[in-house]
Amino acid sequence: MRHKSSTTNKILSLTRLTAIFLLLVATLSASADELGDQFSATLKQAEAGSASAQYKIGQYYELGIGTKSDKAKAFEWYKKSAENNSAEGQYQVGYAHYWGKQAEKDYELAIEWFMKAAENGYQPAASYIAKMYKLGQGVDKDPALASEWEQKAREDTAFTLSDDVPEVEIQE
């Protein structure tokens, strides 16, 4: 059982790292001026209420893309996107509260945001929900619910390891 949870956590970490990597690769080809222009244009959309732009501004602040890195501002924008029903933003707010990074450590708030993210289709939240039910973090310990959420996490991340990986022929 521990192996499965560990595998799911590794997949989630890999998913997060892949998303960050792809964002960084997309920005490497752009000049500093282009990044600043991209940041400014996205900021205008975010200020106008676009949840996806708000989430992206959070990423820009977190990673220092087109602007100075600022974790507090990143969290503010993630929270705005979360309140605007962005599943990714909801996950980020849950993550921040779970680990106590960028926000006060608060398991009850963490599971609340993870649940919203999962309800909105952001499946990486399922692994945290399972862990929290298993350990009784922010909720009563419930092995049955933990097992259900572990299953959801495995089902939803299983494609990452099998379906999307092309076979590669090795020529000698």
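One can find the structure itself at the top, above this paragraph.
Residues numbered from 1 in each chain as written. Predicted model: local features only at pLDDT ≥ 70, side-chain atom pairs only at ≥ 80, totals over all residues. Heavy atoms only, no water.

1. Thoughts on the nonpolar core
Side chains of nonpolar character tend, in soluble globular proteins, to be buried together. One finds F39, I57, Y61, W77 and V93 to be the most contacted residues of the largest nonpolar core, which totals 19 residues. Beyond its immediate chain neighbours, meaning those up to four positions away, I57 contacts F39, T42, L43, A46 and W77. Within the second largest apolar cluster, 18 residues are counted, among which are A110, F114, I129 and M132. (Core = buried A, V, L, I, M, F, W, Y, C linked by side-chain atoms within 4.5 Å. Buried < 20%, exposed > 50% of the residue type's maximum accessible area, 1.4 Å probe, protein only. Contact = heavy atoms within 4.5 Å.)

2. Some points on unusual backbone geometry
Positive phi is not limited to glycine here, since N85 has a value of about 75°. Mapped onto the fold, N85 is located in the loop between α4 (71-83) and α5 (87-99). The class of N85 is exposed, set by a relative accessible area of 51%. Despite not being glycine, Q102 has its phi angle at roughly 70°, a positive value. (Helix = DSSP H or I, 4+ residues; strand = E, 2+ residues; numbered from the N terminus.)

3. Regarding the pattern of salt bridges
Enumeration according to the criterion identifies two salt bridges in this entry. Measuring nitrogen to oxygen at the nearest pair gives 3.7 Å for the salt bridge that ties E112 to K116. Of this pair, E112 and K116 both sit in helix α6 (residues 107-119), four residues apart, roughly one helical turn. (Salt bridge = Lys/Arg side-chain N within 4 Å of Asp/Glu carboxyl O.)

4. Description of the packing of α5 against α6
Close contact between α5 and α6 brings their axes to 7 Å; oriented N to C, the two are set at 160°. Comparing the axis directions of α5 and α6 gives the class roughly antiparallel. As α5 packs across α6, the resulting crossing turns out to be left-handed. Contacts from A87, Q90, Y91, V93, G94, Y95, H97 and Y98 in α5 reach Y107, L109, A110, W113, F114, K116 and A117 in α6. (Axes fitted to C-alpha atoms, helices over the stretch in contact; angles between N-to-C directions. Parallel < 35°, antiparallel > 145°, perpendicular 65-115°, else oblique. Left-handed = near helix turned anticlockwise from the far one by under 90°.)

5. So, the side chain of S81
With respect to the secondary-structure elements, S81 resides in helix α4. Excluding residues within four positions of it along the chain, S81 makes contact with A51, Q54, Y55, S86 and G89.

6. Focus: helix α3 (residues 51-63)
Between its terminal C-alpha atoms α3 stretches 18 Å, which fits the 18 Å expected from 13 residues at 1.5 Å a residue. With ten of 13 residues buried, α3 lies mostly within the body of the structure. Every buried residue of α3 is listed here: A51, A53, Q54, Y55, I57, G58, Q59, Y60, Y61 and E62. Phi for G64, located one or two positions after α3, is positive at around 70°. (Expected span 1.5 Å × (residues − 1).)

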